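Remarks on the overall topology
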Amino acid sequence: MSQFSRYSPEDRAAFLAAVDGARPLRQPDRVSLDGPKPSPQPRQREIDEAAVLGELLHGSLAIDDWLDLGGADSFLRGGVPRSVLRDLRRGRWSIQDHIDLHGLNRQQAHSQVAQFVAAAHSAGKRCLRIVHGRGHGSPGREAILRQLVKVWLGRHREVLAFCHAPPSDGGDGALWVLLKSGGQPRRLP
């Protein structure tokens, strides 16, 4: 059974009349080599990762972070005498180490603060300065990082107290932080 048998004799005659005198196309005598196809791009994953990064940089805070912010300029852990915070504010503790968080996003800053406090505590350092900035370089000029650093420090069990530094040492763009004693044992002379 040929492939034309299913058509009527009139359709076959019309087709043969239409192709009368046609010749098959010549086969090219060259081989065409296509280059290698590019590897597939995971576009949806790239879009998702960009969205997560945008959320981290510019997204809103979680509800518990908003509740914890409070706007307090200082912190004193429960059970610690108020004189400790007063002495910290008056600069009676010498700054033993500092970190500058300018240019970092939330994730980077959180990681840096956690590592910095842990390293300082294990090294036996008690008084630290954390420069978080005033938020002038942030989108909308909001001081989100300044507030988040306070939340993170308040949750860190090694932190006894913190307060804003005096204007000569960073003002409201920096915090003085007092840690529990611990870490390395003190050497006796």
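Report on the accompanying structure.

Cut-offs used in this document
- By convention here, each chain's residues receive numbers from 1 onward along its written sequence.
- It should be noted that, the model being predicted, local features are given only for residues of pLDDT at least 70 and side-chain atom pairs only at 80 or more, the latter also being counted only at that level, while totals for whole chains, interfaces and linings use all residues.
- For the side-chain quantities, the full set of heavy atoms in the structure was used; hydrogens and water were omitted.
- Salt bridges, as used here, are contacts in which a Lys or Arg side-chain nitrogen is within 4 Å of a carboxyl oxygen on Asp or Glu.
- Each helix is a run of H or I in the DSSP string that is no shorter than four residues. Each strand is a run of E no shorter than two, and both are numbered from the N terminus.
- Whenever two N or O atoms come within 3.5 Å, that pair is a polar contact, provided that in protein one can donate a hydrogen and the other can accept it, and provided that, for residues adjacent in sequence, both atoms are side-chain atoms.
- The contact rule is simple, with two residues in contact once any of their heavy atoms fall within 4.5 Å.
- Think of it in three bands: residues with accessible area under 20% of the maximum for their type are buried, residues over 50% are exposed, and the middle band is partly exposed, with areas taken using a 1.4 Å probe on protein chains only.

Following the criterion strictly, the structure yields five salt bridges and no others. Between D169 and R129 there is a salt bridge, with the nearest N and O atoms lying 2.5 Å from each other. Placement of the pair is D169 in the loop between β4 (159-164) and β5 (174-179) and R129 in strand β3 (residues 127-131), with a sequence separation of 40 residues.

Mapping H164 onto the fold places it in strand β4. Here the side chain of H164 touches K150 through a polar contact of 3.1 Å, side chain to side chain. When neighbours within four sequence positions are excluded, H164 is seen to be in contact with D73, R146, K150, G171, D172, A174 and L175.

What follows concerns the environment of H156. Tracing the chain through its elements places H156 in the loop between α6 (144-155) and β4. Overall, H156 belongs to the buried group, its relative accessible area being 19%. When residues no more than four places from it in sequence are discounted, the contact partners of H156 are R77, A114 and V117.

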